[in-house]
Amino acid sequence: ARLPELLRAMPKAELHIHIEGSLEPELIFALAQRNGLQLPYASVAELRSAYAFCNLQSFLDIYYAGASVLRHEQDFYDLAHAYLARAARDRVLHAEIFFDPQTHTARGVAIETVIDGLHRACAEARTGLGISATLILCFLRHLSEKAAFETLEQAEPLLDKIVGVGLDSSEQGHPPEKFARVFARCRERGLHLVAHAGEEGPPAYIWSALDVLRVERIDHGVQAVHDAALMQRLAHQRIALTVCPLSNQKLCVFPSLAQHNLGRLLDAGLAATVNSDDPAYFGGYINENFTQVFAATGLTARQAYQLAFNSFEASFAGNADKRLWQ
Ligand code: ES4
Ligand code: ZN
(Lines give C-alpha, C1' and ligand atoms only; values in the text may rest on other atoms or scores of the structure.)
(Ligands and ions follow the chains in the order given, each with its own letter.)
Protein backbone atom coordinates (compact mmCIF):
# COMPACT_ATOMS: atom_id res chain seq x y z
CA ALA A 1 0.00 0.00 0.00
CA ARG A 2 1.13 3.58 -0.56
CA LEU A 3 2.59 5.37 2.43
CA PRO A 4 -0.11 8.10 2.72
CA GLU A 5 -2.81 5.40 2.96
CA LEU A 6 -0.82 3.56 5.63
CA LEU A 7 -0.41 6.83 7.59
CA ARG A 8 -4.13 7.57 7.44
CA ALA A 9 -5.24 4.02 8.29
CA MET A 10 -2.81 3.34 11.15
CA PRO A 11 -4.20 3.49 14.69
CA LYS A 12 -2.73 6.37 16.67
CA ALA A 13 -2.96 8.41 19.86
CA GLU A 14 -3.05 12.22 19.82
CA LEU A 15 -1.15 13.73 22.76
CA HIS A 16 -0.88 17.42 21.79
CA ILE A 17 -4.13 19.09 20.80
CA HIS A 18 -5.39 22.39 22.25
CA ILE A 19 -9.16 22.11 22.16
CA GLU A 20 -9.50 25.88 21.64
CA GLY A 21 -7.17 25.42 18.64
CA SER A 22 -9.66 23.03 17.04
CA LEU A 23 -12.31 25.78 16.94
CA GLU A 24 -13.07 26.11 13.21
CA PRO A 25 -14.17 29.49 11.77
CA GLU A 26 -17.61 28.01 10.93
CA LEU A 27 -18.14 27.10 14.61
CA ILE A 28 -16.84 30.53 15.73
CA PHE A 29 -19.58 32.13 13.60
CA ALA A 30 -22.27 29.67 14.75
CA LEU A 31 -21.41 30.21 18.45
CA ALA A 32 -21.23 34.01 18.02
CA GLN A 33 -24.74 33.94 16.55
CA ARG A 34 -26.09 31.55 19.23
CA ASN A 35 -24.60 33.72 22.00
CA GLY A 36 -25.61 37.07 20.46
CA LEU A 37 -22.03 38.26 19.98
CA GLN A 38 -20.75 40.62 17.28
CA LEU A 39 -17.54 39.51 15.52
CA PRO A 40 -15.09 41.99 13.95
CA TYR A 41 -15.21 39.89 10.73
CA ALA A 42 -18.02 39.87 8.15
CA SER A 43 -17.60 36.27 6.98
CA VAL A 44 -15.91 32.92 7.57
CA ALA A 45 -13.61 33.71 4.63
CA GLU A 46 -12.64 37.08 6.09
CA LEU A 47 -11.86 35.48 9.47
CA ARG A 48 -9.78 32.75 7.82
CA SER A 49 -7.82 35.36 5.88
CA ALA A 50 -6.73 36.87 9.23
CA TYR A 51 -4.90 33.59 9.99
CA ALA A 52 -1.48 34.86 8.90
CA PHE A 53 1.22 34.61 11.52
CA CYS A 54 4.92 33.93 11.60
CA ASN A 55 5.64 33.45 15.27
CA LEU A 56 3.95 32.10 18.38
CA GLN A 57 2.76 35.46 19.77
CA SER A 58 1.01 36.63 16.58
CA PHE A 59 -0.85 33.30 16.48
CA LEU A 60 -1.80 33.40 20.18
CA ASP A 61 -3.42 36.84 19.81
CA ILE A 62 -5.84 35.47 17.17
CA TYR A 63 -6.34 32.16 19.03
CA TYR A 64 -7.43 33.88 22.29
CA ALA A 65 -9.77 36.20 20.33
CA GLY A 66 -11.42 33.19 18.63
CA ALA A 67 -11.95 31.44 21.96
CA SER A 68 -13.99 34.39 23.26
CA VAL A 69 -17.20 33.02 21.64
CA LEU A 70 -17.18 30.08 24.10
CA ARG A 71 -19.58 30.97 26.94
CA HIS A 72 -21.80 28.06 27.98
CA GLU A 73 -21.32 24.41 28.93
CA GLN A 74 -22.93 23.36 25.64
CA ASP A 75 -20.40 25.46 23.68
CA PHE A 76 -17.50 23.53 25.26
CA TYR A 77 -19.31 20.25 24.66
CA ASP A 78 -19.92 21.10 20.98
CA LEU A 79 -16.27 22.09 20.54
CA ALA A 80 -14.89 18.86 22.02
CA HIS A 81 -17.47 16.69 20.28
CA ALA A 82 -16.55 18.20 16.88
CA TYR A 83 -12.85 17.52 17.52
CA LEU A 84 -13.43 13.94 18.68
CA ALA A 85 -15.65 13.10 15.69
CA ARG A 86 -12.96 14.53 13.38
CA ALA A 87 -10.18 12.64 15.22
CA ALA A 88 -12.09 9.35 14.90
CA ARG A 89 -11.98 9.76 11.09
CA ASP A 90 -8.15 10.03 11.37
CA ARG A 91 -8.08 6.70 13.24
CA VAL A 92 -7.23 8.32 16.58
CA LEU A 93 -8.08 5.75 19.29
CA HIS A 94 -6.98 7.84 22.25
CA ALA A 95 -6.72 11.61 22.73
CA GLU A 96 -5.27 13.66 25.59
CA ILE A 97 -6.80 17.08 25.18
CA PHE A 98 -5.29 20.36 26.43
CA PHE A 99 -7.53 23.19 27.54
CA ASP A 100 -6.74 26.71 28.81
CA PRO A 101 -9.17 27.51 31.65
CA GLN A 102 -7.63 30.92 32.34
CA THR A 103 -8.63 32.12 28.85
CA HIS A 104 -12.24 31.53 29.88
CA THR A 105 -12.27 32.39 33.59
CA ALA A 106 -10.73 35.78 32.70
CA ARG A 107 -13.96 36.46 30.74
CA GLY A 108 -16.20 35.47 33.65
CA VAL A 109 -16.87 31.87 32.55
CA ALA A 110 -16.82 29.48 35.54
CA ILE A 111 -14.20 26.74 35.41
CA GLU A 112 -16.87 24.04 35.95
CA THR A 113 -18.68 25.28 32.82
CA VAL A 114 -15.47 24.62 30.86
CA ILE A 115 -14.54 21.29 32.44
CA ASP A 116 -18.08 19.85 32.59
CA GLY A 117 -18.75 20.57 28.90
CA LEU A 118 -15.42 19.15 27.72
CA HIS A 119 -15.69 16.13 30.03
CA ARG A 120 -19.21 15.27 28.89
CA ALA A 121 -17.99 15.11 25.27
CA CYS A 122 -15.03 12.92 26.32
CA ALA A 123 -17.25 10.53 28.30
CA GLU A 124 -19.72 10.26 25.43
CA ALA A 125 -16.93 9.56 22.90
CA ARG A 126 -16.15 6.25 24.64
CA THR A 127 -19.51 4.77 23.67
CA GLY A 128 -20.41 6.99 20.71
CA LEU A 129 -17.07 6.89 18.87
CA GLY A 130 -15.04 4.15 20.57
CA ILE A 131 -12.35 6.70 21.50
CA SER A 132 -10.89 7.23 24.95
CA ALA A 133 -10.34 10.91 25.65
CA THR A 134 -8.90 12.63 28.72
CA LEU A 135 -8.26 16.25 29.69
CA ILE A 136 -5.03 18.07 30.56
CA LEU A 137 -5.43 21.49 32.20
CA CYS A 138 -2.82 23.95 30.95
CA PHE A 139 -1.57 26.94 32.90
CA LEU A 140 -0.86 30.04 30.83
CA ARG A 141 2.83 30.79 31.37
CA HIS A 142 2.53 34.51 30.48
CA LEU A 143 0.37 34.89 33.61
CA SER A 144 1.68 34.76 37.19
CA GLU A 145 2.41 31.84 39.49
CA LYS A 146 -0.32 33.25 41.75
CA ALA A 147 -2.87 33.09 38.91
CA ALA A 148 -1.89 29.46 38.26
CA PHE A 149 -2.39 28.61 41.97
CA GLU A 150 -5.83 30.28 41.89
CA THR A 151 -6.76 28.21 38.82
CA LEU A 152 -5.64 24.99 40.52
CA GLU A 153 -7.71 25.93 43.57
CA GLN A 154 -10.81 26.51 41.38
CA ALA A 155 -10.23 23.15 39.66
CA GLU A 156 -9.74 21.27 42.94
CA PRO A 157 -13.36 19.90 43.16
CA LEU A 158 -13.12 18.78 39.50
CA LEU A 159 -9.74 17.02 39.56
CA ASP A 160 -11.35 13.60 38.93
CA LYS A 161 -12.23 14.96 35.46
CA ILE A 162 -8.63 15.74 34.46
CA VAL A 163 -5.64 13.43 34.03
CA GLY A 164 -2.84 15.98 34.23
CA VAL A 165 -1.58 19.53 33.89
CA GLY A 166 0.54 21.28 31.28
CA LEU A 167 2.11 24.65 30.58
CA ASP A 168 1.49 26.63 27.38
CA SER A 169 1.26 30.10 25.79
CA SER A 170 4.19 32.52 25.25
CA GLU A 171 7.40 30.60 25.93
CA GLN A 172 10.21 33.16 25.62
CA GLY A 173 10.81 34.99 28.91
CA HIS A 174 8.58 32.59 30.85
CA PRO A 175 10.85 29.69 31.87
CA PRO A 176 9.37 26.56 33.43
CA GLU A 177 10.88 27.30 36.86
CA LYS A 178 8.38 30.17 37.26
CA PHE A 179 5.83 27.37 37.96
CA ALA A 180 7.98 25.05 40.11
CA ARG A 181 5.74 25.29 43.19
CA VAL A 182 2.45 24.89 41.26
CA PHE A 183 3.72 21.77 39.52
CA ALA A 184 4.97 20.35 42.84
CA ARG A 185 1.45 20.78 44.23
CA CYS A 186 -0.08 19.11 41.16
CA ARG A 187 2.35 16.23 41.57
CA GLU A 188 1.16 15.79 45.20
CA ARG A 189 -2.40 15.62 43.82
CA GLY A 190 -1.39 12.63 41.68
CA LEU A 191 -1.75 14.47 38.38
CA HIS A 192 0.42 13.69 35.35
CA LEU A 193 2.74 16.52 34.33
CA VAL A 194 3.73 17.84 30.88
CA ALA A 195 4.99 21.21 29.60
CA HIS A 196 5.59 23.02 26.33
CA ALA A 197 9.36 23.55 26.08
CA GLY A 198 11.81 24.06 23.24
CA GLU A 199 9.20 25.16 20.71
CA GLU A 200 10.79 28.59 20.20
CA GLY A 201 12.63 28.62 23.54
CA PRO A 202 16.14 27.31 24.29
CA PRO A 203 17.23 23.78 25.33
CA ALA A 204 17.68 25.21 28.87
CA TYR A 205 13.86 25.36 29.13
CA ILE A 206 13.66 21.63 28.33
CA TRP A 207 16.22 20.88 31.06
CA SER A 208 14.26 22.88 33.63
CA ALA A 209 10.92 21.36 32.57
CA LEU A 210 12.48 17.95 33.33
CA ASP A 211 14.52 18.78 36.43
CA VAL A 212 12.49 21.54 38.09
CA LEU A 213 8.90 20.74 37.03
CA ARG A 214 9.59 16.97 36.76
CA VAL A 215 7.39 16.57 33.67
CA GLU A 216 6.87 13.17 32.03
CA ARG A 217 6.69 14.44 28.42
CA ILE A 218 7.90 17.53 26.56
CA ASP A 219 5.47 19.29 24.23
CA HIS A 220 7.30 20.29 21.00
CA GLY A 221 10.93 19.98 22.23
CA VAL A 222 12.31 20.36 18.70
CA GLN A 223 15.05 22.78 19.90
CA ALA A 224 16.65 19.84 21.77
CA VAL A 225 18.77 19.12 18.66
CA HIS A 226 20.98 22.08 19.64
CA ASP A 227 22.15 20.31 22.82
CA ALA A 228 23.88 16.93 22.44
CA ALA A 229 23.79 16.09 26.16
CA LEU A 230 20.06 16.79 26.27
CA MET A 231 19.47 14.57 23.22
CA GLN A 232 21.29 11.72 25.01
CA ARG A 233 19.18 12.16 28.11
CA LEU A 234 15.87 12.28 26.21
CA ALA A 235 16.85 9.13 24.31
CA HIS A 236 18.08 7.18 27.35
CA GLN A 237 15.07 8.06 29.49
CA ARG A 238 12.62 7.57 26.58
CA ILE A 239 11.05 10.96 27.36
CA ALA A 240 8.45 11.56 24.66
CA LEU A 241 8.37 14.71 22.54
CA THR A 242 4.93 15.65 21.17
CA VAL A 243 5.99 17.15 17.86
CA CYS A 244 3.58 19.22 15.71
CA PRO A 245 4.98 19.60 12.18
CA LEU A 246 2.33 21.88 10.61
CA SER A 247 2.38 24.14 13.70
CA ASN A 248 6.16 24.46 13.38
CA GLN A 249 5.76 25.26 9.68
CA LYS A 250 3.03 27.89 10.20
CA LEU A 251 4.90 29.57 13.08
CA CYS A 252 8.18 29.52 11.12
CA VAL A 253 10.07 27.38 13.64
CA PHE A 254 11.76 25.84 10.56
CA PRO A 255 12.35 27.67 7.25
CA SER A 256 10.24 25.00 5.50
CA LEU A 257 8.57 21.67 6.29
CA ALA A 258 11.32 19.96 4.25
CA GLN A 259 13.78 21.15 6.91
CA HIS A 260 11.79 19.78 9.84
CA ASN A 261 13.96 17.73 12.21
CA LEU A 262 11.49 14.92 13.03
CA GLY A 263 13.69 12.40 11.18
CA ARG A 264 16.75 13.54 13.14
CA LEU A 265 14.90 13.11 16.43
CA LEU A 266 13.85 9.56 15.49
CA ASP A 267 17.33 8.69 14.21
CA ALA A 268 18.77 9.79 17.57
CA GLY A 269 16.45 7.30 19.31
CA LEU A 270 14.05 9.84 20.81
CA ALA A 271 10.41 8.90 21.49
CA ALA A 272 8.94 11.46 19.11
CA THR A 273 5.22 11.54 18.27
CA VAL A 274 3.21 13.45 15.63
CA ASN A 275 0.32 15.68 16.70
CA SER A 276 -1.86 18.53 15.44
CA ASP A 277 -1.48 21.31 18.10
CA ASP A 278 -4.09 23.83 16.79
CA PRO A 279 -5.54 22.18 13.67
CA ALA A 280 -8.16 24.85 12.89
CA TYR A 281 -5.36 27.44 12.66
CA PHE A 282 -2.43 25.46 11.25
CA GLY A 283 -4.05 23.83 8.22
CA GLY A 284 -4.68 20.24 9.19
CA TYR A 285 -5.61 17.53 11.67
CA ILE A 286 -3.28 14.72 12.73
CA ASN A 287 -3.32 12.74 9.46
CA GLU A 288 -2.47 15.87 7.50
CA ASN A 289 0.50 16.38 9.86
CA PHE A 290 1.64 12.81 9.14
CA THR A 291 1.19 12.88 5.35
CA GLN A 292 2.72 16.33 4.85
CA VAL A 293 5.81 15.82 7.03
CA PHE A 294 6.40 12.37 5.50
CA ALA A 295 6.10 13.77 1.95
CA ALA A 296 8.34 16.76 2.71
CA THR A 297 11.13 14.92 4.55
CA GLY A 298 11.02 11.41 3.12
CA LEU A 299 10.34 9.33 6.23
CA THR A 300 9.71 5.57 5.92
CA ALA A 301 6.95 3.07 6.77
CA ARG A 302 9.17 1.78 9.60
CA GLN A 303 9.29 5.31 11.06
CA ALA A 304 5.50 5.59 10.69
CA TYR A 305 5.09 2.46 12.80
CA GLN A 306 7.59 3.81 15.35
CA LEU A 307 5.68 7.13 15.66
CA ALA A 308 2.34 5.35 16.19
CA PHE A 309 3.92 2.97 18.71
CA ASN A 310 5.51 5.91 20.55
CA SER A 311 2.13 7.69 20.78
CA PHE A 312 0.52 4.81 22.67
CA GLU A 313 3.60 4.15 24.80
CA ALA A 314 3.88 7.82 25.84
CA SER A 315 0.16 8.17 26.59
CA PHE A 316 -1.38 8.23 30.06
CA ALA A 317 -4.00 5.68 28.91
CA GLY A 318 -5.05 3.24 31.61
CA ASN A 319 -6.23 -0.36 31.36
CA ALA A 320 -9.88 0.68 30.93
CA ASP A 321 -8.86 2.82 27.94
CA LYS A 322 -6.80 -0.01 26.42
CA ARG A 323 -9.71 -2.45 26.79
CA LEU A 324 -11.88 0.01 24.84
CA TRP A 325 -9.68 -0.07 21.71
CA GLN A 326 -8.62 -3.72 21.84
C1 ES4 B 1 0.05 26.87 21.44
CL2 ES4 B 1 1.55 26.28 19.28
C3 ES4 B 1 1.32 26.74 20.93
N4 ES4 B 1 2.39 27.00 21.70
C5 ES4 B 1 2.20 27.43 22.95
N6 ES4 B 1 0.99 27.56 23.50
C7 ES4 B 1 -0.07 27.28 22.74
N8 ES4 B 1 -1.39 27.35 23.02
C9 ES4 B 1 -2.05 26.98 21.92
N10 ES4 B 1 -1.19 26.70 20.94
ZN1 ZN C 1 0.81 23.31 21.83
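Residues numbered from 1 in each chain as written. Chains lettered and ligands numbered in written order. Predicted model: local features only at pLDDT ≥ 70, side-chain atom pairs only at ≥ 80, totals over all residues.

Under an unreviewed UniProt entry, the name given to the chain is Adenine deaminase, and the organism recorded is Verminephrobacter eiseniae. Looking at the Function (unreviewed entry) heading of the UniProt record, one finds this comment for the chain: "Catalyzes the hydrolytic deamination of adenine to hypoxanthine. Plays an important role in the purine salvage pathway and in nitrogen catabolism." (UniProt positions renumbered as here; feature names shortened; annotations may be inferred.)

Just checking my understanding: could you explain the UniProt feature "binding site: substrate" (unreviewed entry) in the chain for this structure?
The UniProt feature table records "binding site: substrate" (unreviewed entry) at Asp278. Topologically, aspartate 278 is positioned in the loop between strand 8 (272-274) and helix 14 (279-282). What makes aspartate 278 buried here is the crowd of 25 C-beta atoms within 10 Å. Beyond its immediate chain neighbours, meaning those up to four positions away, aspartate 278 contacts His18, Gly21, Tyr63 and Ser247. (Helix = DSSP H or I, 4+ residues; strand = E, 2+ residues; numbered from the N terminus. Buried ≥ 20, exposed ≤ 12 C-beta atoms within 10 Å, placed from the backbone. Contact = placed C-beta atoms within 7 Å.)

Teacher, can you tell me more about the nonpolar core here?
Note that soluble globular proteins tend to have their nonpolar side chains buried in a common cluster. Of all hydrophobic cores here, the largest spans 93 residues; its most connected members are Ala80, Ile97, Leu118 and Ile136. With seven residues, strand 3 (residues 132-140) is the largest single contributor of residues to this core. (Core = buried A, V, L, I, M, F, W, Y, C linked by C-beta atoms within 7 Å.)

Sorry, what's going on with the sheet that holds strand 4 (residues 164-168) here?
Across a sheet, paired strands are connected by hydrogen bonds in the backbone, their directions being either parallel or antiparallel. If you trace the eight strands from one edge of the open sheet to the other, you get 1-2-3-4-5-6-7-8, paired in parallel fashion. Of all the strands in the sheet, the pair left with one neighbour each is strand 1 (12-18) and strand 8. Looking at each pair of strands side by side, their axes are set apart by 25° on average, direction ignored. Bridge analysis of strand 3 against strand 4 gives five bridges, and the strand direction is parallel. If you follow leucine 137 over to strand 4, its bridge partner there is valine 165. (Pairing = 2+ DSSP bridges. Axes fitted to C-alpha atoms, helices over the stretch in contact; angles between N-to-C directions.)

Just checking my understanding: could you explain the pairing of strand 4 for this structure?
Successive residues of a regular strand alternate their side chains across the two faces of the sheet. Of all five residues making up strand 4, five are buried, and the element is well covered by its neighbours. Once you follow strand 3 into helix 8 (residues 145-155) and on to strand 4, the crossover reads as right-handed. Strand direction decides the pairing type here: strand 4 and strand 5 (residues 192-197), joined by two bridges, are parallel. Across the sheet, the residue bridging to glycine 164 is histidine 192, located in strand 5. The β-α-β motif built from strand 4, the intervening helix 9 (residues 180-188) and the parallel element strand 5 has right-handed crossover chirality. (Right-handed = clockwise from strand over helix to strand, strands pointing away.)

Please explain the UniProt feature "binding site: Zn(2+)" (unreviewed entry) in the chain as it appears in this structure.
Taking the UniProt record as the reference, the feature "binding site: Zn(2+)" (unreviewed entry) is found at His16, His18, His196 and Asp277. Taken together, the annotated residues stretch across 262 residues yet fold into one region, lying no more than 11.7 Å apart by C-alpha. Along the chain, the position of histidine 196 falls in strand 5. Along the chain, aspartate 277 falls in the loop between strand 8 and helix 14. A count of 30 C-beta atoms within 10 Å places aspartate 277 in the buried class.

Could you clarify how one ought to interpret the environment of cysteine 244 in this entry?
Along the chain, cysteine 244 turns up in the loop between strand 7 (240-243) and helix 12 (245-250). Non-local contacts of cysteine 244, meaning those with residues more than four positions away in its chain, are made with His16, His220, Asn275, Ser276, Asp277 and Asn289.

For this particular structure, what's the right way to read the site of ligand 1?
Taken together, the neighbourhood of ligand 1 is formed by His18, Gly21, Leu56, Tyr63, Asp168, Ser169, His196, Glu199, Ser247, Asp277 and Asp278. Its residues assigned to classes, the shell around ligand 1 comprises two nonpolar, five polar and four charged. (Near = placed C-beta within 6 Å. Nonpolar A, V, L, I, M, F, W, Y, C, P; charged D, E, K, R; others polar.)

Sorry if this is basic, but what is going on with helix 4 (residues 56-67) here?
An α-helix turns once per 3.6 residues; consequently, residues spaced three or four apart project the same way. Between its first and last C-alpha, helix 4 extends 16 Å over twelve residues, near the 16 Å set by a 1.5 Å rise per residue. By the burial criterion, the buried members of helix 4 are Leu56, Phe59, Tyr63, Gly66 and Ala67. Burial along helix 4 is one-sided: seen end-on, the buried residues are contained in an arc of 95°. Each element contacted by the buried residues of helix 4 is listed here: helix 2 (25-34), helix 6 (101-105) and helix 14. (Expected span 1.5 Å × (residues − 1). Arc of directions from axis to C-beta.)

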